[in-house]
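Take a look at the letters that make up each chain.
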Amino acid sequence: LILPEKSPPHTELLDLQPLPLTALRYPQAEQLYAAQGLKVFNPIQTQTFSILYSTNDNCLICAPAASGKTVCAEFAVLRMLTSDAETVKRCVYVAPHPSTAKERFNEWSYKFGKVLGFKVAELVGETTSDVKILEESNLVITTPEKWDLMSRRWKTRKSVQEVRLFVVDELHLLDSDVGPTLEAVVSRMRYISVQVQQPIRIVALAASLANAKDVGEWIGASSTGLFNFSPNVRTVPLEMVIQGFDIHHGSTRLLAMSRPVYQSIKAYSPDKPVIVFVPDRKQARMTAIDLLLHAAADDKPKRFLHVSDEAMRPHLAAARERSLKQTLEYGVGFLHEGFSGTERAVIERLFESGAVQVVVATEQLCWGMTMLAHLVIIMDTKKFDGRENRFIDYPIHDVLQMMGRASRPGVDQSGMCVLLTQNSKKEYYKKFIYEPLPVESHLDQRMADHMNAEIVMKTIENKQDAVDWLTWTFYYRRLSQNPNYYGLQGVTHQHLSDHLSEVVENTVEGLERFGCCSIEEDVDLAPANLGLIAAYYYIRHTTIETFSRCVNESTKRRGLLDILCAASEFDAVPVRAGEEATLRGLAQSLGMKVEKEKLNDPHTKAQLLLSAHFNRTPITTDLSSDQRFILEHAVRLLQGLVDVISSCGWLTPALYSMELSQMIVQATTSGASPLMQLPHFTSTLVEKAKEMKVEDVFDVMNADDDQRTKLFDGLSQSQLMDVARGCNRFPCISLEYKVQNADALNVGGSARIVVRLGRDAMEEDATLGPVYAPYYPKEKEESWWLVVGGPQNALVAIKRITISKASVNVKLDVELGEEAGSFDYILYLMSDSYQGCDQEYSFKLTVKP
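The notes below deal with the structure included here.

The rules behind the values
Residues numbered from 1 in each chain as written. Predicted model: local features only at pLDDT ≥ 70, side-chain atom pairs only at ≥ 80, totals over all residues. Heavy atoms only, no water. Helix = DSSP H or I, 4+ residues; strand = E, 2+ residues; numbered from the N terminus. Rg over C-alpha atoms; globule rule 2.2 N^0.38 Å. Buried < 20%, exposed > 50% of the residue type's maximum accessible area, 1.4 Å probe, protein only. Contact = heavy atoms within 4.5 Å. Lys, Arg positive; Asp, Glu negative; His and termini not counted. Charge placed at Lys NZ, Arg CZ, Asp CG, Glu CD. Pairing = 2+ DSSP bridges. Arc of directions from axis to C-beta. Axes fitted to C-alpha atoms, helices over the stretch in contact; angles between N-to-C directions. Left-handed = near helix turned anticlockwise from the far one by under 90°. Nonpolar A, V, L, I, M, F, W, Y, C, P; charged D, E, K, R; others polar. Disulfide = S-S within 2.5 Å. Phe/Tyr/Trp six-rings, centres within 6.5 Å; stacked < 30°, edge-to-face > 60°. Salt bridge = Lys/Arg side-chain N within 4 Å of Asp/Glu carboxyl O. Core = buried A, V, L, I, M, F, W, Y, C linked by side-chain atoms within 4.5 Å. Parallel < 35°, antiparallel > 145°, perpendicular 65-115°, else oblique. Polar contact = N/O pair within 3.5 Å; in protein donor to acceptor, adjacent residues only side chain to side chain.

Turning our eyes to something else, we now look at the overall build of the chain. Assigned secondary structure in the chain consists of 31 helices and 24 strands. Radius of gyration (C-alpha) of the chain: 30 Å, near the 29 Å computed for a compact globule of 849 residues. The principal-axis extent of the C-alpha atoms belonging to the chain is close to 90 × 75 × 60 Å. The buried share of the chain, taken over its 849 residues, is 53%. Residue pairs in contact within the chain that sit at least 24 positions apart in sequence constitute 72% of those at least 6 positions apart. Distance between charge centres in the chain, computed from 90 positive and 107 negative side chains, equals 4 Å.

In structure tokens, the structure reads:
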């Protein structure tokens, strides 16, 4: 047995004179920090300041949650923004949790955007818009997946090569689900940095790590740029109480914890703010109500409310849920992922102003939370995992993140954290809270997807390149340090190179089996069609394989929807405890038959939620956040599906998939009237329009005023404005086409079709806004497919285009068969975002022998 190496000791926190804000020598920035209430920088910021602000070295800073690491990153950002060099000033900030990215975006767009006047933006995950955003911005905030998609084609994208500073937050999450992608993008930035003239500076922030040295070497930080503070170096000292419970059954244990939670508040923080973390949404509501019952039993029902009832009243109007109104009235709020942004903002505002003393939040919300408290109570450390259908322990980094909320620098002398857990887990948490974690690499779980992307980008052209590419990864650093974890028998040079060769062989053979790459002469690697599609649309290789295996030329709409929902991307759809009843009810109201044991399968849930989206069925707040997740992936997956189908040359399923894309963006059923895409149109209004011979959006635009007044009788002025906006955004496309070489078509040759597309009522230099789609969760750029269908329902040519200017010319080449004669062809123009604006034109081609 080979044990991992002993880790070097922690960086000592030096007793330095705290740096004044004037050390920045940048008056506007100093005022920013002063406005935040800072007088001096804290000890961790002081110690890292000179490396971050006066050099361009790569740095790794490891310190416990909420110890001011963000300000450390801001030093590096300020240095880059104020440097005199003539280069582009561009920084990319990557946060593994979307909620952390959102929080950073809000904070930095105020600091660096509004106050200092630089351009701050967030990537949206749509390639065309993202390239533009990256070119125009100084600070770009994003998540590992979006940056992976963006930086894959770095060789052709100058804007990626021009990144001067790359900041990675929460790097200890290499151990979580998002770890492999995070590792791939950081390794890629290191690689690019060596390939281009100007190096890219990498600054990484993480919780305290046991193996910071490996992580530091991997990102290229020198020994002077490596700060790994111990977990008990906190800006505000934290007192910790761990209480064990001897109850094995989950919900009984939570019941037994209810009284101790109240007692802890009474003992440790009777009037200061408190945050309680609970495993799930149902528990959040129950704990909030329990706290009120305990307070009432103590004869102080309003002990948690610190303002008068009159002052609270206007804020209660924002709460939609009845139980939330009731608890807020007595000074306790609760938060979970299902709340809308406005509700969440109201509760946070009430808590931060001190009106409400206690907030009960679900465990997942600890990421990206801005609220701080004097006391944090972690109520139980197990949550239900629907995919495995069992209770699992919280990951240790979540527990550390929750503990980090218990510190209010400048307000409290010390913070307090109470952890309630099962007796058997007591020692485990005691050890790991005070001893940092070693992080391991999980790249091997996703090796095939990332290697496929590099093969497509031609970074890897043979098996030797693949081994070289692996040496840039953190996985490679850990192999020799902790060999048994990765299944190695020894650490000699021979062992390592054998292991890497084996990994490459297995991965590449898997990709070849799935049709993603081809191996030539046993060493050279070339991308194959499915691999190109997977890398282009950021789809997993397992999904692409499912698509190509399941589709055939007679697949109908229903079948395509099933295939779409079988994608591996939807494995991550959360399945919660006790959701079966809600889902069964939803299935009944949609008229779908679902087998009982399939109800807690994420793919079945994806199907139900997509159908609910097409029918616009109202669903609970819990489910709508899952539905948002599904919709964000669906359009991208469909575009990949269209490519898989069209490379097989099947016309009908390709057109069906394009219609599915329209249905997803507009939330309509396949047989619905195109009018349902306009705001305020209900089925009754559509019936009324039908009687007036108004069938589609163009009829509404061309109707005369009397007709319109009659049709929209009962809509207010602002509603009419909405309808007008929806109509104006609807595309009117004119299409002219001709066959360029119509007289010279010979057997075995090809026909060149030139299509001219015009967009009516568009000025020459106007820009086209995003698609008008009120039910789609994010902004979407509209695009179109031009398809030529030939004899025997074959798809003979396809091109994906955007019509963003007043007129666009497109050339399509159609391969002619080996027979002479006259054949029928059809030209289709299909939208991916709007229903009822597709066009088709029939034409004949006469082929001479």
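In this section: the pairing of strand E17 (residues 524–527). When strand E16 (residues 517–520) meets E17, the two strands line up antiparallel, connected through four bridges. Bridging from a neighbouring strand, Ile 519 pairs with Leu 525 of E17. Linking two consecutive strands that pair antiparallel, namely E16 and E17, is a turn of three residues; a positive phi of about 50° is found at Glu 521 within it.

On to the environment of Lys 158. Among the secondary structure elements, Lys 158 is positioned in helix H7 (residues 158–161). Take Lys 158: its relative accessible area is 58%, and that puts it in the exposed class. For the pair formed by Lys 158 and Leu 292, sequence separation is 134 residues and the distance between their alpha carbons is 59 Å.

For helix H28 (residues 683–691), the set of buried residues is Leu 685, Val 686 and Ala 689. In an axial view of H28, the angular spread of the buried residues amounts to 100°, which keeps them on one side of the axis. Of the exposed residues in H28, those oriented more than 90 degrees away from the buried face are Ser 683, Thr 684 and Glu 691. Next to the buried residues of H28 lie helix H30 (705–711). Of the residues flanking the end of H28, it is Lys 693, one or two places downstream, whose phi is positive at about 65°.

What follows covers the sheet that holds strand E20 (residues 784–789). Spatially, E21-E20-E23-E24 is the arrangement adopted by the four strands of the open sheet, whose pairing is antiparallel. Of all the strands in the sheet, the pair left with one neighbour each is strand E21 (795–801) and strand E24 (839–847). The average angle at which neighbouring strand axes cross in this sheet is 15°, direction not considered. Sheet strands in contact with helix H26 (residues 621–648) are E20 and E21, and its direction is about 155° off that of E21.

Contact pair helix H11 (residues 281–297) / helix H13 (residues 322–329): the axes reach a minimum separation of 10 Å and the direction vectors enclose 35°. Where H11 crosses over H13, the handedness of that crossing is left-handed. Each of Arg 285, Ala 288, Ile 289 and Leu 292 in H11 lies in contact with H13, whose residues at this interface are Ser 323, Gln 326 and Thr 327. Residues that form the contact of H11 with H13 fall into these classes: three nonpolar, three polar and one charged.

Across all of its chains, the model carries zero disulfides by this definition. In this structure Cys 366 is not part of a disulfide, and its nearest cysteine sulfur, from Cys 417, lies 12 Å away. With no disulfide partner, Cys 732 has as its closest neighbouring cysteine sulfur the one in Cys 837, 9.0 Å distant. Residue classification places Cys 732 among the partly exposed residues on the basis of a relative accessible area of 21%.

Bringing the packing of aromatic side chains into the picture now. Considering all chains together, one arrives at 26 aromatic pairs under this definition. Between Phe 41 and Phe 75 the ring centres are 5.0 Å apart and the planes differ by 85°, which places this aromatic pair in the edge-to-face class. Of this pair, Phe 41 sits in the loop between helix H1 (27–35) and helix H2 (43–54) while Phe 75 sits in helix H3 (residues 69–82), placing them 34 residues apart in sequence. Taking the centre distance of 5.0 Å and the plane angle of 70° together, the rings of Tyr 428 and Tyr 429 count as edge-to-face. Under the relative-accessibility criterion, Tyr 428 is labelled partly exposed at 35%.

This part is about the pattern of salt bridges. Under the criterion given, the structure shown has 42 salt bridges. Between Glu 162 and Arg 90 there is a salt bridge whose closest N-O contact spans 3.4 Å. Pair noted here: Glu 162 is in the loop between H7 and strand E5 (165–168) and Arg 90 is in the loop between H3 and strand E2 (91–94), with a separation of 72 residues, a long-range link. Of the two residues, Glu 162 and Arg 90, neither departs from the other in class, the shared state being buried. Between Lys 431 and Glu 435 there is a salt bridge; the shortest N-O distance is 2.8 Å. If you follow the salt bridges from partner to partner, you end up with Glu 74, Arg 104, Glu 107, Lys 111 and Asp 169 in one network.

A few words on helix H18 (residues 463–470). The complete set of buried residues in H18 reads Lys 463, Ala 466, Val 467, Trp 469 and Leu 470. Buried residues of H18 fall within an arc of 160° about the axis and therefore sit on the same side. Contacts made by the buried residues of H18 are with helix H17 (447–456), helix H19 (474–481), helix H20 (493–513), E16 and E17.

Among the nonpolar cores identified, the biggest contains 120 residues, and Met 451, Leu 610, Ile 664, Leu 757, Leu 786 and Val 788 are the most heavily contacted of them. Considering every element that reaches this core, the biggest residue donor is H26, with eleven residues. Beyond its immediate sequence surroundings of up to four residues, Ile 664 is in contact with Leu 564, Leu 610, His 613, Phe 614, Leu 631, Ala 634, Val 635, Leu 638 and Tyr 776. If you look at the next biggest cluster of nonpolar residues, it comprises 67 residues, including Met 240, Val 332, Val 346 and Val 359.

With that settled, consider unusual backbone geometry. Notably, Ala 667 is not glycine yet its phi reads approximately 55°, a positive angle. Relative to the helices and strands, Ala 667 is located in the loop between helix H27 (651–666) and H28. Assessed through its relative accessible area of 1%, Ala 667 is described here as buried. The phi torsion at Gln 792 lies on the positive side, around 55°, for a residue other than glycine. Among the secondary structure elements, Gln 792 is positioned in the loop between E20 and E21. Since its relative accessible area comes to 77%, Gln 792 is described here as exposed.

What follows deals with the sheet that holds strand E10 (residues 332–335). The six strands are arranged E8-E15-E12-E9-E11-E10 in an open sheet whose pairing can be described as parallel. Every interior strand has two partners, whereas the edge strands, strand E8 (238–245) and E10, have only one. When the angles between neighbouring strand axes are averaged without regard to direction, this sheet yields 15°. The sheet contact formed by strand E12 (residues 375–379) and strand E15 (residues 415–422) spans five bridges and is parallel. When the bridges of E15 are listed, Val 376 appears paired with Cys 417. With respect to the sheet, helix H15 (residues 396–403) is in contact with E8, strand E9 (274–278), E12 and E15, its orientation differing from that of E12 by roughly 150°.

Angle between the axes and distance between the axes: these two values describe a pair of packed helices. Two numbers describe how H2 lies on H3: the axes approach to 9 Å, and their chain directions differ by 25°. In terms of orientation, H2 lies roughly parallel with respect to H3. The crossing of H2 and H3 is right-handed. Here H2 contributes Ile 44, Gln 45, Thr 48, Phe 49, Leu 52, Tyr 53 and Ser 54 to the contact with H3, which in turn contributes Val 71, Cys 72, Phe 75, Ala 76, Leu 78, Arg 79 and Thr 82.

Another point: the environment of Val 467. For Val 467, the location among the structural elements is in helix H18. The class of Val 467 is buried, set by a relative accessible area of 17%. Spatially, the C-alpha atoms of Val 467 and Ser 497 are 8.5 Å apart, while their sequence positions differ by 30 residues.

Positionally, Asp 571 belongs in the loop between helix H23 (557–565) and helix H24 (580–590). Judged by relative accessible area, which is 33%, Asp 571 ranks as partly exposed. Sequence-distant contacts of Asp 571, defined by excluding residues within four places in its chain, comprise Arg 387, Arg 540, Pro 602 and His 603. Here the side chain of Asp 571 touches His 603 through a polar contact of 2.7 Å, side chain to side chain.

Limitation: the analysis is restricted to geometry and does not speak to function.
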